[in-house]
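# Descriptive structure summary
The lines below spell out each chain.
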Amino acid sequence: MTELGDEPVEYSVAHIKEALAADPHTAELHVEVQVKGSSVAVTGRVTTDERRNAVEEVIGRLYPGARIQNYIAVEVLDADPTVEDLS
Amino acid sequence: MITIAAAADLHLGLDSAGSFKAVLEGLDSSADLLLLAGDLTNYGDPAEARVFTDEIAGFDLPVVTVLGNHDYHAGAESEIRSILEDAGVTVLEGESVSVSCDGGTVAVAGIKGFGGGFAGASAADFGEPEMKQFVAHTKAAAESIESSLSSLEGDVKVALLHYSPIEATLRGERLEIYPFLGSYLLAEAVDRAGADIVLHGHAHTGAERGTTPGGIPVRNVAQPVLGHPYALFRFHRGRLSGDSDQDTADAS
């Protein structure tokens, strides 16, 4: 199994983004990924705590030795809608 | 007055039960219909579509939707469509529907749309069969929405898409992925046929407002863009527009 650092960073980022899109527990196309050494930092917003945690699990399965910094926020929507008047 | 509630990119999963139902409370008294611009599900799993239909059980407004790319991901889009339709939701993919409200008629033409990019930086119908197929899918969507809109009549005409017809509502997304987020062909089609508003989703970090080159308002109603569960669009026209204007004048 490939470890972070064994391949160019660009490929690691691409593999992680592909895994986050393909895994049914994440299906996330909107997570940004940065890799430096053995660390992975993920940012963005998801809709549930479960999906936020699943991002770490997916990356952990792909790169078991990776140190994951999870900066993903869980989306909180304001209750009131926006209102726009159109003629 | 006609009030349209709109949202997109709910991305409901099996872990989302209750989240959308909670925000729908009271909407039936403040809007005439709910339009959804795709990505109701997260993985395209029919079980996720059932989460959605459970969320709208007992909801009193007409619901009209298109599917988004996430709804297609698991290859179960036909089953998802059936689940939604069995729950009373109107699903548009090249079709149109007219909804009669107290204030008038809302006519909606809907299709998912597709990518390809924007004028000056768009995919061309050239080269390998795979590239031609990509462009052909977008062209077919554009021709379909133009045809649907052209034959529509209503007090308010809506083009409901998942992909964006313009760049302005993508601002905030990485420029490199614009060709995967929409196509100018959709805007050109809407401008030819005419509409009062275009609603789309798909671009989570895009911007809320823009207009087509022909001047038609475009709104990105993806929930992450709105920061709210839905947006309300009020059109002061239709059968009760005179009453509504009078009410406004009296109030002021």
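Description of the structure in this document. All figures in this text were calculated on a predicted structure; none of them were measured in a lab. (Residues numbered from 1 in each chain as written. Chains lettered and ligands numbered in written order. Predicted model: local features only at pLDDT ≥ 70, side-chain atom pairs only at ≥ 80, totals over all residues. Heavy atoms only, no water.)

## A short note on the overall build of chain B
Applicable threshold: Here a strand is any run of E in DSSP of at least two residues, a helix any run of H or I of at least four, and the numbering for each starts at the N terminus. Only C-alpha atoms enter the radius of gyration, while the globule expectation follows 2.2 Å times N to the 0.38, with N the number of residues. For the exposure calls, accessible area comes from a 1.4 Å probe over protein chains only, and a residue counts as buried if that area is under 20% of its type's maximum, exposed if over 50%, partly exposed in between.
Of the regular secondary structure elements, chain B holds eight helices and 13 strands. In terms of overall size, chain B behaves like a compact globule, its C-alpha atoms giving a radius of gyration of 18 Å where 252 residues would be expected to give roughly 18 Å. Expressed as lengths along the three principal axes of its C-alpha atoms, the size of chain B is roughly 60 × 40 × 35 Å. The burial tally for chain B puts 55% of its 252 residues in the buried class.

## Notes on the pattern of salt bridges
Quick reminder of the rule: Throughout this description, the term salt bridge denotes a Lys or Arg side-chain nitrogen within 4 Å of a carboxyl oxygen of Asp or Glu.
Inspection of every chain in the model, using the stated rule, returns 15 salt bridges over all chains. Between Arg209 of chain B and Glu84 of chain A there is a salt bridge, with the nearest N and O atoms lying 3.7 Å from each other. Here Arg209 of chain B is found in strand β11 (residues 209-211), whereas its partner Glu84 of chain A is found in strand β4 (residues 82-86) on a different chain. The class of Arg209 of chain B is partly exposed, set by a relative accessible area of 47%. Among the ionic pairs, Glu85 of chain B bridges to Arg81 of chain B, the shortest N-O distance being 2.9 Å. One end of the pair is Glu85 of chain B and the other is Arg81 of chain B, both in helix α4 (residues 77-86) and four residues apart, which spans about a single turn.

## Some points on the interface of chain B and chain A
For interface size, the figure often reported is the accessible area lost on association. This is how it is decided: Throughout, a residue-residue contact means that at least one pair of heavy atoms, one from each residue, lies within 4.5 Å. Note on definitions: buried area is the accessible-area loss of two parts on being combined, 1.4 Å probe, summed for both. Within 3.5 Å is the distance limit for a polar contact, defined as a pair of N or O atoms, with the added protein rule that one can donate a hydrogen and the other accept it, and that residues adjacent in sequence qualify only through two side-chain atoms.
The interface is formed by 32 residues belonging to chain B together with 26 residues belonging to chain A. For the pair chain B and chain A, the two sides together bury roughly 2,500 Å², of which 48% comes from carbon and sulfur. At the boundary of chain B with chain A, the tally comes to five salt bridges. A salt bridge links Arg219 of chain B to Glu84 of chain A; the shortest N-O distance between them is 2.6 Å. Summed over the shared surface of chain B and chain A, the result is 17 residue pairs in polar contact (both at pLDDT 80 or more). Only α3 (69-72), α7 (223-226) and β13 (231-235) of chain B provide two or more residues apiece to the side of chain B that touches chain A.

## Observations regarding the sheet that holds strand β3 (residues 67-74) of chain A
Residue and element names in this part refer to chain A. Note the threshold: Two strands qualify as a pair provided DSSP detects at least 2 bridges between them. Helix axes use the C-alpha atoms of the stretch in contact, all axes being lines fitted to C-alpha atoms, and the angles between their N-to-C directions lie in the range 0 to 180 degrees.
As summarised here, the arrangement of the three strands in space is β1-β2-β3, forming an open sheet in which the pairing is mixed. Pairing within the sheet leaves two strands with one partner each, and these edge strands are β1 (32-36) and β3. Ignoring strand direction, the axes of neighbouring strands in this sheet form an average angle of 10°. The sheet strands contacting helix α1 (residues 9-22) are β1 and β2 (39-46), and the helix crosses β1 at an angle near 145°. The strands that helix α2 (residues 49-62) touches are β2 and β3; relative to β3, the one it contacts most, it runs at about 160°.

## Some details on empty space enclosed by the protein
All names here are of chain B. Defined as follows: The way it works is a 1 Å grid over only the protein atoms, where trapped points that fit a 1.4 Å probe form a cavity and open points with protein on both sides within 12 Å along at least five of seven lines form a pocket, and then any residue with an atom within 4 Å of a point lines it. Grid points are joined across faces, edges and corners, and a volume is the space filled by probe spheres set on the points. Amino acids are sorted into nonpolar (Ala, Val, Leu, Ile, Met, Phe, Trp, Tyr, Cys and Pro), charged (Asp, Glu, Lys and Arg) and polar (every other residue, Gly among them).
Going through the model one piece at a time under the given rule, you end up with one cavity of 30 Å³ or more. Of the voids in this model, the largest cavity is the one considered here, and its volume is about 50 Å³. Taken together, the elements giving at least two residues each to the lining of the largest cavity come down to α5 (129-150) and α6 (184-193). Per element, the largest residue contribution to the lining of the largest cavity is three residues, and it comes from α5. The class makeup of the residues in the lining of the largest cavity is five nonpolar, six polar and no charged.

## What about the pairing of β2 of chain A?
Residues and elements named next belong to chain A. Put simply, the test is: With its strands directed away from the observer, a crossover is right-handed exactly when the path from the first strand over the helix to the second travels clockwise.
Bridging between β1 and β2 involves five bridges; their strand directions are antiparallel. Residue pairing across strands places Val33 opposite Val42, the latter belonging to β2. Here β1 folds back onto β2 in antiparallel fashion, the turn holding two residues, of which Gly37 has a positive phi close to 60°. Note: β2 against β3, eight bridges, orientation parallel. Paired with Arg45 across the strands is Ala73, a residue of β3. Of the crossover connections in this fold, the one passing from β2 over α2 to the parallel β3 is right-handed.

## Side note on the environment of His228 of chain B
Tracing the backbone through its elements, the reader meets His228 of chain B in the loop between α7 and β13. By relative accessible area, His228 of chain B is classed as buried at 15%. Separated by 205 residues in sequence, His228 of chain B and Val23 of chain B have C-alpha atoms that sit 9.3 Å apart. Setting aside residues up to four positions removed in sequence, His228 of chain B forms contacts with Leu77, Asp78, Asp80, Pro81 and Thr82 of chain A together with Gln223 of chain B.

## Some thoughts on the sheet that holds strand β3 (residues 63-66) of chain B
Strand order in the open sheet made by the six strands is β4(A)-β13(B)-β1(B)-β2(B)-β3(B)-β4(B), with mixed pairing throughout. Strand pairing shows two members of the sheet lacking a second neighbour, β4 of chain A together with β4 (90-91) of chain B, which therefore form its edges. Note: β4 of chain A against β13 of chain B, five bridges, orientation parallel. Note on β13 of chain B: the bridge partner recorded for Thr82 of chain A is Ala231 of chain B.

## Some remarks on the packing of helix α2 (residues 46-55) of chain B against α4 of chain B
Residue and element names in this part refer to chain B. Note the threshold: Angular relationships are summarised with four words: roughly parallel below 35 degrees, roughly antiparallel beyond 145, roughly perpendicular across 65 to 115, and oblique for the angles in between. By definition, any crossing whose near helix is turned counterclockwise from its far helix by less than a right angle is left-handed, and any crossing with a clockwise turn is right-handed.
Running from N to C, α2 and α4 point in directions that differ by 20°, and their axes come no closer than 9 Å. If you check the angle between α2 and α4, you find them roughly parallel. Considering the relative orientation of α2 and α4, their crossing is right-handed. Across from Pro46, Ala49, Arg50, Phe52 and Thr53 in α2, the residues of α4 making contact are Glu79, Ile80, Ile83 and Leu84. Residues belonging to the contact of α2 with α4 are distributed by class as follows: six nonpolar, one polar and two charged.

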